[in-house]
Structure formats: C-alpha cells, structure tokens
Amino acid sequence: MSELLLGNQAIARGAWEAGVTFASGYPGTPSTEIIETLAARYPETNPRWSANEKVAFEEGMGAAIGGLRVLVTMKHVGLNVAADAFMVFPYAGTNGGFVVISADDPGMHSSQNEQDNRYLARMGKVSVLEPSEAQECRDFVIEAFKLSEQFNAPIMLRTTTRLAHHKGLVEVGQREEVPQREFIPDPKRFSVPIYRHLRRPIVEQTIEALRDYAETSPLNRIENSDNSIGVVTSGISYQYVKEVLPEAGVLRLGMSNPLPPKLLKDFCSRYETVYVIEEGEPFIEEYMRSIGISNLIGKELFGVIGEYSPGRLREALEISKVPTPFTEEITILPRPPMMCVGCGHRTVFATLRQLKTIVAGDIGCYTMGALPPYEAEHTTFAMGASIGTAVGLERAGQDRVIAIIGDATFIHAGIPPLIDAVYNGSKLTLVILDNSATGMTGAQPHPAAGKNALGEDAPKLDLVKLVEATGVEMVEVVDTWQRKDVRRVISKALAHDGPAVVIAQGPCQQLPDMKRRDFLPFVVEEELCTQCDACFKVWCPAITRTEHGFPIINTAECTACTVCAQVCPPEAIRLAEKPFAVKL
Amino acid sequence: MDKLHNLMFAGVGGQGSLLIAELTSMAAADAGYDVKQTEVHGVSQRGGSVETHVRFGKKIYSPIVTPGEADVVLALELLEALRFAHYAYPGKGIILVNDHEIIPGSVSGAEDMYPHNAKAFLRDKKMNVITLKATQKAHELGDGRIANVVMLGALSTLIDIPSQSWQKALKLRLPTRYLDGNLKAFAAGEQMVRKENAAV
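Residues numbered from 1 in each chain as written. Chains lettered and ligands numbered in written order. Predicted model: local features only at pLDDT ≥ 70, side-chain atom pairs only at ≥ 80, totals over all residues.

Undergrad: Tell me about the overall build of chain A, and name the residues and values.
TA: Secondary structure assignment for chain A yields 21 helices and 23 strands. Referenced to the eigenvectors of the C-alpha coordinate spread, the extents of chain A come out at roughly 80 × 65 × 50 Å. Here chain A, with 584 residues, has 53% of them falling under the buried criterion. Put simply, 75% of the contacts in chain A that link residues at least 6 apart link residues at least 24 apart. (Helix = DSSP H or I, 4+ residues; strand = E, 2+ residues; numbered from the N terminus. Buried ≥ 20, exposed ≤ 12 C-beta atoms within 10 Å, placed from the backbone. Contact = placed C-beta atoms within 7 Å.)

This is the structure in structure tokens:
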C-alpha cells in the first residue's frame, strides 16, 4: 500500500513502524510535522512537546537508556541547544534504539542561519543517515533504529527543508512491537564524568565499527558505474543528480558519517574527474580530500550558499540556462509574511514604535516587528537572546532598552537570563507576548498553554508567579488588544526603577479554539465615517478601501479584536448585527 | 502516462494554493502516476507569497520544477502570476490566473507600486495567458474562499488526469460540510475555462 506523505509524515510513519514508544521534540521549521503526525495518528509512540530541545534530547536519552525505542526531533539550531547532551551521549552509548532528527534549512526559508549539522555529528562522533525522498524517510528511520541497537549508538537522521516538506508516494508497512530492553544500572557506563577515561576509547571503537559497516552498507550504493562521468552525492541532491545527469556513475551516500574511505577511493579511481554534489557545506568533499582523493570538483563549481536544485546544477555544469523572473521589466513587489489579522502583537509593536525605544527581539512571529510598518525591533539572534542582549545594551549605555519575547520562547530559553538580569542588578524592561501558543510553527501548545501535544489538558505554568519568584518587583498583566492599556503599562515599566516585566496576554489567532469560536465581525458605517484614515494606521490586513475611499472590513477575515474600533474618532466602526457575506 | 507534467501553484497565504496543489497530487496519484510535490511551510497563514511545485509522470526524481519547464503556472493572484511567470515553458506553457489583486500588506507604499498592468505585460510577452474571474465566481457561489477550487476545476481541463480521480481527491480531502460547495466551484471552473477557450 502506498500513501502520499510529506517527508516529515514519512519519518513519523517509519518511527511508528519501528516500534517507537517514546518521542519528544520542540517545534521548529522544518521538523514540526513529525511530532504533530505522531500525535494525530500514532499516539502509541507517546509523543510530547518538551520545554526545549535540550530537555527533549535528555528525556529521550533517559528513555533509551531505560530500554525504549526513542525518536527525538528538532530543527538544526535546536541541536545547538541540545548539543551539551548530544556530545556526551556517545560516551555511554544507548540501550534501546535512539534516533535524533536534525532538520536543516539550506536557503533559510524559516531560520536565522544556514548550518550543516553533519559537522556537529562529526564532532560528537555520531553516525548520520541522509534520506533523499519521502520513501527513504520512512525506510531510513527503520534502518536507523536497527543500527542504533546493533552498535549501541545514537544515530542522527539529517533532513533538509525540501526533503522534510516535499510529498511523495511511500510504500508503508505494519508496526513491529519491539520488547523493551532491560535497564541494568551501570555507573561505569552511564556516569560519564567519573568514568570518562574508561569511556573515551569506546567512542572511537564505535565510530570505527560504524565506518567498517559503511564500507559495505546497502545505504551507500554505486549506480551506472561504467559511465564516464562520476558523481558522489548525498541527501536530496541525489534526486537532482538523477534528473540532470541520468547516465552518470553515482556513488550515493545514504550514510554521510562516518564516511567509507575504501569505497570512496575505489569509486574515484575509476574516473578522471568526480563531481561531489552535496547541498550545504563541503562535508563529504573535505573528507575525500583529507584521505588523498584529489580528482574532485565540488564547492568551487556548485557553491555553498542556499539550496541546490536541478536548475542550479544544470547552470553550474553548463548544460543549459534557466530563465529568471521579469524583475528588470516590471515591478514585482515582494510579499513578505506579516502578522495575522487580529494578532495581539500589533498593539505592542505600535506602542514600541511610538515610544522610540531600542528593542532587543527574539525568535518567533514577532521578528516581523522589524518590518514596516513598525520597524520597532533592533536586534534578533537566537532563542532567548533578547534578555541577555538587552542587559548588555543597557550596560553599554543605552537607557531605553526593551526586551521582547514570546511565551514559548521565554519558557524555552528566557528564564535563566531573567534570573541573571535580576541577580546582577540590571534595570531590565521585558515584555512577554503571552499568546498561549508556539505561534510561528503553527500554534503548538507549551507548558503555559494548559494543553499537551495530544491536545489533552495539562498543568498550566503560572508565568506571573514564575517571574515574581525571580525577584522582579513590577509584574503586570495587560490585555494585548487594549491599546491604551498596553501603552500605559509598557511606559510605566520603562519608568520603573528596577527590573519590570509586562505580560501582554491574548490567545494566538491560529489556535483551534480561536478559529472555532462564534463571534460577530466589525463593520464600517459609511454614514458616520469621516475618512480620517485612523483605522488604516492599525495596519490590519482585513481593512481595505472601497472605490469611494471608505475603509471596508473583510468580515470573513475579521477576528473582532476591536483595535480598529478603539482608534475610530467618530465611532463609525461597530459590531455587525449578524454575520454577512463579504461585499466585493 | 509517460509524459512528465510540471505544475506550479502560486498564491498569497490564506488563499488555499497549497490545498489545490495537494488535491492535484492526490488526483495524479489516484490516476496511477508517480508524484512529487514541494512547498515551503511557515508563511502560509501569514499573507506571504506561497509557491508549490507538483510533478507527475512515470518516475519522478526531483520535486522541484525548474523555471522554463512548467506546463501550467496556476496563480490565484495577479502579482503572484508575474512573480512565477518565468516558470512557464516558453511558447507552450500556460499561465492560468485568477483575475484578482491583493496589495502586499507589509511593504511600504505597496498600494502605489502594485503592477496593475500584469495581464497586459504577460500577453505582450506572448505567453499563453488564461484569466478567470474566479474570486468573483466564488462570491456568486456564496463563499469567497473557494476561488482556489474554481481555479482547480479550470486546471483539470488542461491536464491529463481523469475526472473520477479529481472527484475522488476532493471527496477524500475536503470536510463533508464543505464538499458540496467545493464540487460546485470545481464544476464552475471547468465551465469557465471551456467558455474562455471557445471564445478564443
């Protein structure tokens, strides 16, 4: 039976078939749909959203040592957060099968950087599998669990955006129930710092055993070896090679760490020149050069930055030119994403713009506060970085600095820097945008949302008490859609002599409960409207202009957030009496 | 069944271009083709530009459609048609576009800079452009949101997937309470493109 599945859905399917009984992750594009699929279709895998990737990894590590088959998911930068545990786990090795998904984002479709996590795996001596299409996403996950248990080694399965977010037909199978392995307490294995010298050689033995395996593994295979052109490739680039150079001799590396020196040397010795075609960094290429293979053409021709595609390979190989957009001849306006209709962040950014503060931002939808019309976010780097950056900017002499962070990001990495700000006597002003969701990735629940990954009720973290416990004296909650209140409370926090935290509360419009609720939209009464355009300055995408110059609210999009009605001097914007169809 | 089909779907987040791409992939799979589809998630609900590639044929490797190789570029909005017009196969590719403009919300001065001459520009480029008033038709049918399925109905007349596969995909993928409206929208789109072709 075959199904049309996303790469991420195929990974979830493979994990389910492989008998996974524990799965943890933190939402992050392009990895999010794996846990979502497990929660929706395969609850027997016990999926959960963890507070951050380090926690997800450590919970998974514990479950695997305890004998379960475990899947842990995150995006590439998430593995930076989990790196502390990731680097040490191989010293102990696993008991039950352990697979961590690193979803890299070449092209930075939804990320702050390009980062090729095969390097983290090399540093941590962790084996990496790289599928090239949806079918292999399923197959390789199942294979990864076998390898993990055969070598007692955690395995990384690396995907990229195109792979994670493409759909293909996948032949699926049934779930195999795998008995839990016995946990034998063994400090000489699991108390790594004490017995590190004992464990260090085992890390090398394991990776070298995997290297021997890689020499003959069916994951690494040679195709069309009699042709005159040779190509070494991995990941989705393999599909592009099949498309662009269908006749080429190909060494396709399904396992990109550790790499097989004999196989690589043998393959390359058959050709005058070998192309190394791998998206991202020259990971395979550098290794090949390091073992003395020199008849290579790689990054100097195909480049390091951005995604590969068949068109890019054709141009690099001078097979054909690819047409470009008509931007020289006509204005093709960009269309960046924007905050949703009714998004509670708008009032906060309108206030920040008016207050002319320096804003240290964070990772989430609110990075869009840096874009027009607000242009009210001045730094953004990494999860939780707003608070530390604000503390540093203040130390460097900036006196009106505000840190802004979403509720999910605050829980993920914002709590230690807040504790530190108070401890070291900073006059931090922090706004927590509390929308009860991990918004940017699709409104997943988190510990302060009162729901878990399966949609069940869960204990709800009390953000006010948490902030109070750090020693912050001024903590105020404000309804994020009440613009005057938002401005008053943020101004007060700025003026406060000491650290102050404002929690701007209002649920994300993408939450299922918000989409499902019954409400009446707002409408404009043209008889009262003076065309002063105050409502346009709310920048709501649902407000457009009629041909007579009046504002008109798209009632199908309106969320009844009330902000436009609050700013209308003649009170011409009022609740509709009944839901009605949108006028054209 | 041996012909390779390359389709490009473009729209603005919230218009449902991803949904109709998915329906096309499902219909193609039902018809017995190998299928691959690629999309970029994350901005789809936030008014950004959304592109989805669908390829089907005997055996598909890359999910990405190369510019200059699309049989059809289906755009739910005129600026998005311009943005992806270079994907159409020179001479024989079709640009199937909803005659509808959405001004980008997060670009300063967008109202004044919007290229209202998009249709004329594409015709001057000697491209095969089919414009349909799908949004207007959807409102006539009582739901502005189903303009995407009107366009899908139009697309179905241009590519080699049997009718029963389309019907099956719609029934499988759409919630029962919206199915009737969507089937009507699909049929309306089929008729509109037939009329347009008859007029030419």
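Undergrad: An account of the overall build of chain B is requested, with residue identities and associated values reported.
TA: Check the secondary structure of chain B and you find eight helices and six strands. Counting from the amino terminus, helix and strand elements in chain B follow one another as β-α-β-β-β-α-β-α-α-β-α-α-α-α. Here chain B has a C-alpha radius of gyration of 16 Å; the compact-globule value for 200 residues is 16 Å, and the two agree. With the principal axes as the frame, chain B shows a C-alpha extent of 45 × 40 × 40 Å. By residue count, 56% of the 200 residues in chain B fall in the buried class. Restricting to contacts in chain B with at least 6 residues of sequence separation, those with at least 24 account for 67%. (Rg over C-alpha atoms; globule rule 2.2 N^0.38 Å.)

Undergrad: Before we move on, can you summarise the interface of chain A and chain B with the specific residues and values?
TA: Every contact between the two is made by 40 residues of chain A and, on the other side, 46 residues of chain B. Looking at the side of chain A that touches chain B, the elements with two or more residues in it are β8 (166–171), α10 (237–244) and α14 (310–316) of chain A. When β8 of chain A meets strand β2 (residues 34–39) of chain B, the two strands line up antiparallel, connected through three bridges. Looking at β2 of chain B, one finds that Lys167 of chain A is bridged to Gln37 of chain B. (Pairing = 2+ DSSP bridges.)

Undergrad: Run through the packing of helix α1 (residues 17–30) of chain B against helix α7 (residues 163–173) of chain B, naming residues and quoting values.
TA: Helix-helix packing is characterised by the crossing angle of the two axes and by the distance between the axes. Residue and element names in this part refer to chain B. Where α1 contacts α7, the axes come no closer than 8 Å and their chain directions differ by 125°. As far as their axial angle goes, α7 and α1 are oblique. Helix-helix and strand crossings are classified by hand; for α1 and α7 the assignment is right-handed. Together, Glu22, Leu23, Met26, Ala27 and Asp30 of α1 and Ser165, Trp166, Lys168, Ala169, Leu170, Leu172 and Arg173 of α7 make up the contact between the two elements. (Axes fitted to C-alpha atoms, helices over the stretch in contact; angles between N-to-C directions. Parallel < 35°, antiparallel > 145°, perpendicular 65-115°, else oblique. Left-handed = near helix turned anticlockwise from the far one by under 90°.)

Undergrad: If you had to explain helix α12 (residues 283–290) of chain A to someone new, which residues and values would you point to?
TA: Three or more residues of α12 of chain A are buried, namely Phe283, Ile284, Glu285, Tyr287 and Met288 of chain A. Phi for Gly292 of chain A, located one or two positions after α12 of chain A, is positive at around 95°.

Undergrad: Let's hear about the sheet that holds β2 of chain B: which residues, and what values?
TA: In spatial order, the strands read β1(A)-β8(A)-β2(B)-β3(B)-β1(B)-β4(B)-β5(B)-β6(B); together these eight strands make up an open sheet with mixed pairing. Of all strands in the sheet, those bounded by a partner on one side alone are β1 (2–6) of chain A together with β6 (128–132) of chain B. If you compare each strand with its neighbour and ignore which way they point, the axes differ by 20° on average. Bridge analysis of strand β5 (residues 94–98) of chain B against β6 of chain B gives five bridges, and the strand direction is parallel. Its bridge partner being in β6 of chain B, Ile95 of chain B is matched across the sheet by Val129 of chain B.

Undergrad: Give me the environment of Gly364 of chain A: which residues, what numbers.
TA: Residue and element names in this part refer to chain A. Here Gly364 is to be found in the loop between β15 (358–360) and α16 (385–395). Taking the number of C-beta atoms within 10 Å as the measure of exposure, Gly364 has 27 and is therefore buried. In sequence terms Gly364 and Ile405 are 41 residues apart; their C-alpha atoms lie 8.0 Å from each other. Leave out the neighbours within four places in its chain, and Gly364 touches Gly406, Thr409, Gly439 and Met440.

Undergrad: Pulling in residues and values, what's your account of the sheet that holds strand β13 (residues 274–277) of chain A?
TA: All names here are of chain A. Pairing in this open sheet of five strands is mixed, and the strands run β9-β11-β10-β13-β14 from one edge to the other. Edge positions in the sheet fall to β9 (220–223) and β14 (296–297), since each of these pairs with one other strand and no more. Across four bridges, the pairing between β9 and strand β11 (residues 249–253) is antiparallel. Residue pairing across strands places Asn220 opposite Leu253, the latter belonging to β11. In the packing of helix α11 (residues 261–268) onto the sheet, contacts are made with β9, β10 (230–234), β11 and β13, and the angle to β10 comes to roughly 150°.

Undergrad: So what's going on with the domain arrangement of chain A? Which residues, and what values?
TA: You can read the domains of chain A as domain 1 (2–216), domain 2 (220–316), domain 3 (345–514) and domain 4 (518–575). Centre-to-centre separation of domain 3 of chain A and domain 4 of chain A, based on C-alpha positions: 28 Å. (Domains from an automatic or database assignment.)

Undergrad: Provide a residue-level description of the nonpolar core, including the pertinent values.
TA: Counting residues in hydrophobic clusters, the biggest one holds 161 residues, and the most contacted among them are Ala15 and Val141 of chain A together with Val73, Ala81, Ile95, Val150 and Met151 of chain B. When sequence neighbours within four positions are dropped, the list of residues in contact with Ala81 of chain B reads Ala10, Val73, Ala75, Ile95, Val97, Ala118 and Leu122 of chain B. Among the nonpolar cores identified, the runner-up in size contains 71 residues, and Leu433, Ala443, Ala493 and Cys568 of chain A belong to it. (Core = buried A, V, L, I, M, F, W, Y, C linked by C-beta atoms within 7 Å.)

Undergrad: Account for unusual backbone geometry, with residues named and values stated.
TA: All names here are of chain A. In this chain, Thr29 is followed by Pro30 through a cis amide linkage whose omega measures 10°. Within the secondary structure layout, Pro30 lies in the loop between β2 (22–25) and α2 (33–41). Going from Asn257 to Pro258, the amide bond is cis rather than trans, its omega being -10°. Assignment of secondary structure puts Pro258 in the loop between β12 (255–257) and α11. Positive phi, normally seen in glycine, also occurs at Asn224, with a value near 50°. Within the secondary structure layout, Asn224 lies in the loop between β9 and β10.

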